[in-house]
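Given next are the chains, with one letter for each unit.
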Amino acid sequence: MNAKVCAMREIILINSTPFPTIPTLIVNTIHYLPLYKALLEVGINPQCPKDTINALIFTSKHAIKALLQELQTHRDMQDFLKIPAFAIGSGTACMLEQNGFNIEFVASKAYGASFGEALTKRLQNRSALYFRAQTIASNLDKELLMHIKLYQVIAYQNITKTLPQSQKPHPHSILIFTAPSNYISFVQNFGWDHSYIAVAIGTTTLRAFAQGITSYVSTTQTLEGCVEFARNLAKTLPK
């Protein structure tokens, strides 16, 4: 039994925040941006957003955190909690629910193409506000702009950290990526060892991987699901 455990591949989460049940390598930092002025610049009154929009779009927990930070600073922005929210992924939806948002729709498949198709059907004749990252891997914004009235506000930035080579994972490790930015930051720091196995939380992250690497997409699009998927891989794949 001990020999089998020793032969198992090491599992590491490559992320911007730590996770309690698995070793985590922090490869980038998240910088939340002020939203009040940004909303004014796109023509939305932060105090009365329902005068302009009637839907919110979230594809990341970080976008929610950025908005919550702004709601704490500007108490006159509480109407955002009442606007119907559209979320991608159960993790994003759970955070919205925990913080009192009005959830109208949660995508059953956590990747951009499916989410975009679902939104275009549900947001016809409505005006939506997309809280997004500065850089996004999917074409969700472009797809939505072709079909609905869409406002966009950049809520956060991913900033790559510079890490020492001593933190590079050992060969044969299983690396979990929950966003394309985490993969990009990892490769910028360490390159890629051909013996690594990559696990993606969804197809948008999977498409960010370079061709030729051994990769899988988790059957469940949550961080907990990715960890369980990686653990099952470690049990079945030889080192």
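An account of the accompanying structure is given in this report. Position numbers for residues start from 1 in each chain and track the written sequence from start to end. Two thresholds apply to this predicted model, a pLDDT of at least 70 for residue-level local features and 80 or more for giving and counting side-chain atom pairs, whereas whole-chain, interface and lining totals are computed over all residues. Side-chain descriptors were evaluated using all non-hydrogen atoms of the structure, hydrogens and water having been removed beforehand.

### Topic: the overall build of the protein chain
Across its full length, the protein chain holds nine helices and 11 strands. Counting only C-alpha atoms, the protein chain reaches 65 × 35 × 30 Å along its principal axes. Per-residue burial for the protein chain yields a buried fraction of 49% across its 239 residues. By definition in these notes, contact holds between two residues if any of their heavy atoms fall within 4.5 Å. In the protein chain, 62% of the contacts between residues at least 6 apart in sequence involve partners at least 24 apart. Summed over its atoms, the accessible surface of the protein chain is roughly 11800 Å², and 52% of this surface lies on carbon and sulfur atoms. Working definition: helices are DSSP H or I runs of at least four residues, strands are E runs of at least two. Numbering for both runs from the N terminus. Only protein chains enter the accessibility calculation, which uses a 1.4 Å probe; a residue is then buried when its area is under 20% of its type maximum, exposed when over 50%, and partly exposed in between. Computed with the Shrake-Rupley method and a 1.4 Å probe, the accessible areas treat only the protein chains shown as cover for residues.

### A few points about the sheet that holds strand β11 (residues 214–217)
One open sheet accounts for five strands, arranged β2-β1-β9-β10-β11; its pairing is parallel. Unpaired on one side and paired on the other, β2 (24–26) and β11 mark the two borders of the sheet. Ignoring strand direction, the axes of neighbouring strands in this sheet form an average angle of 25°. Here strand β1 (residues 11–15) pairs with strand β9 (residues 174–177) via four bridges, running parallel. Its bridge partner being in β9, Ile12 is matched across the sheet by Leu175. Packed onto the sheet, helix α7 (residues 180–190) meets β1, β2 and β9 and runs at close to 135° relative to β9. DSSP-based pairing: two strands are paired if at least 2 bridges between them are found. Angles run from 0 to 180 degrees between N-to-C directions of axes, and those axes are lines fitted to C-alpha atoms, restricted for helices to the stretch in contact.

### Quick look at the packing of aromatic side chains
Any aromatic ring pair is given by two values, namely how distant the centres are and how the planes are angled relative to each other. Aromatic pairs are defined between Phe, Tyr and Trp rings, using the six-membered ring for Trp, whenever the two ring centres lie within 6.5 Å; interplanar angles under 30 degrees are classed as stacked, those over 60 as edge-to-face, and all others as tilted. The final tally for this structure, using the stated rule, is 15 aromatic pairs. Judged by centre distance (6.1 Å) and plane angle (65°), the ring pair of Phe80 and Phe131 falls under edge-to-face. Of this pair, Phe80 sits in the loop between α3 (61–73) and β5 (84–88) while Phe131 sits in strand β7 (residues 127–133), and the two are 51 residues apart along the sequence. Of the residues examined, Phe131 reaches a relative accessible area of 0% and is grouped as buried.

### As for α7
Most of α7 is tucked away, with eight of its 11 residues classed as buried. Looking at α7, one finds that the buried residues are Pro180, Ser181, Asn182, Tyr183, Ser185, Phe186, Asn189 and Phe190. Contact partners of the buried residues in α7: β1, β2, β3 (28–32), β8 (149–160), β9 and α8 (203–208). In the stretch just after α7, Gly191 is the one whose phi turns positive, near 70°.

### Brief notes about the sheet that holds β5
One open sheet holds the six strands; their spatial order is β3-β8-β7-β4-β5-β6, and the pairing between them is mixed. Unpaired on one side and paired on the other, β3 and β6 (102–107) mark the two borders of the sheet. Ignoring which end each strand starts from, the neighbouring axes of this sheet average 25° apart. Where β3 lies against β8, five bridges are found, and the strand directions are antiparallel.

### Section: the environment of Thr24
Among the structural elements, Thr24 can be located in strand β2. Judged by relative accessible area, Thr24 falls into the partly exposed class, the value being 25%. Sequence separation between Thr24 and Ile176 is 152 residues, and the spatial gap between their C-alpha atoms is 9.3 Å. Among the polar contacts made by the side chain of Thr24, one reaches the main-chain amide nitrogen of Phe19 at a distance of 3.2 Å. Under the rule applied, a polar contact is a pair of N or O atoms within 3.5 Å (in protein, one hydrogen donor and one hydrogen acceptor; residues adjacent in sequence only if both atoms are side-chain atoms).

### Some points on the side chain of Ser185
Secondary-structure assignment places Ser185 in helix α7. Excluding residues within four positions of it along the chain, Ser185 makes contact with Val27, Asn28 and Thr160.

### Topic: the nonpolar core
Side-chain atoms within 4.5 Å are what join buried Ala, Val, Leu, Ile, Met, Phe, Trp, Tyr and Cys residues into a set we call a nonpolar core. Membership of the largest hydrophobic core comes to 31 residues, with the highest contact counts inside it found for Phe58, Leu67, Phe80, Leu129 and Phe131. The dominant element in this core, judged by the number of residues it contributes, is α3, at six residues. Beyond its immediate chain neighbours, meaning those up to four positions away, Phe80 contacts Leu39, Pro46, Pro49, Ile53, Leu56, Leu67, Leu71, Phe101, Leu129 and Phe131.

### Looking at the pairing of β1
Taking burial as the measure, the five residues of β1 include five buried ones, the bulk of the element. Going residue by residue along β1, you find Ile11, Leu13 and Asn15 tucked away on one face and Ile12 and Ile14 tucked away on the opposite face as well. Across three bridges, the pairing between β1 and β2 is parallel. Counterpart to Leu13 in the pairing with β2 is Thr24.

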